[in-house]
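# Structural overview for review
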Amino acid sequence: MCSCNGGELDVQQQDALAAFLRTLADGEIKAEEARCRLSEERAFDPVSAFQGLQRGRRSRQGCINAYDMHAWLGEQPHVAASAALEDVAAMISPHADRLGELRYEDFLRFIMPTQ
């Protein structure tokens, strides 16, 4: 539980915040590098990928959600197959609409490099 005093951070809090921000930045860098590798893969087709994720049909037509992505991940021979549904939902939430769904355009913003 956090104890916020509304004033200056003590040294321990500063260290904890700096460590958190470094970890967050490292994760963002790794995610962007993975997006770049994916976009450089000649065989990768975003439309086919989106359609493959839609097969669960727990979302509206033309959208995917955390359930769809979680079901697909669960079928993959990868460590990500064990990701919790809540983690998948948190992962896509910055790109999802208020219903927690991604349209194709949102999916592209999620998977393609930002630059």
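Residues numbered from 1 in each chain as written. Predicted model: local features only at pLDDT ≥ 70, side-chain atom pairs only at ≥ 80, totals over all residues. Heavy atoms only, no water.

### Some thoughts on the overall build of the chain
- A count of helices and strands for the chain gives 5 helices and 2 strands.
- Sequence-ordered secondary structure for the chain, helices as α and strands as β, is α-α-β-α-α-β-α.
- The C-alpha radius of gyration computed for the chain amounts to 18 Å, which surpasses the reference 13 Å derived for 115 residues by more than 25%, pointing to a less compact arrangement than a globule.
- Here the C-alpha coordinates of the chain stretch approximately 50 × 30 × 25 Å along the principal axes.
- The buried share of the chain, taken over its 115 residues, is 19%.
- Within the chain, residue pairs in contact and separated by at least 24 positions form 48% of the contacts whose partners lie at least 6 positions apart.
- For the chain, the accessible surface area stands at approximately 8,500 Å², while carbon and sulfur atoms represent 56% of it.
- Taken together, the 12 basic and 18 acidic charged side chains of the chain have centroids lying 7 Å from each other. (Helix = DSSP H or I, 4+ residues; strand = E, 2+ residues; numbered from the N terminus. Rg over C-alpha atoms; globule rule 2.2 N^0.38 Å. Buried < 20%, exposed > 50% of the residue type's maximum accessible area, 1.4 Å probe, protein only. Contact = heavy atoms within 4.5 Å. Areas by Shrake-Rupley, 256 points an atom, 1.4 Å probe, with all protein chains shown as cover. Lys, Arg positive; Asp, Glu negative; His and termini not counted. Charge placed at Lys NZ, Arg CZ, Asp CG, Glu CD.)

### Quick look at the packing of aromatic side chains
- Going through the model one piece at a time under the given rule, you end up with 2 aromatic pairs.
- An angle of 75 degrees between the planes, with centres 5.5 Å apart, marks the rings of Phe50 and Tyr104 as edge-to-face. With a gap of 54 residues between them, Phe50 in helix H2 (residues 46–54) and Tyr104 in helix H5 (residues 104–111) connect regions that are remote in the sequence.
- Centre to centre, the rings of Phe50 and Phe107 are 5.3 Å apart; their planes meet at 55 degrees, and the pair counts as tilted. Of this pair, Phe50 sits in helix H2 while Phe107 sits in helix H5, and the two are 57 residues apart along the sequence. The same class applies to Phe50 and to Phe107, which are both buried. (Phe/Tyr/Trp six-rings, centres within 6.5 Å; stacked < 30°, edge-to-face > 60°.)

Nothing here speaks to function; it is all geometry.
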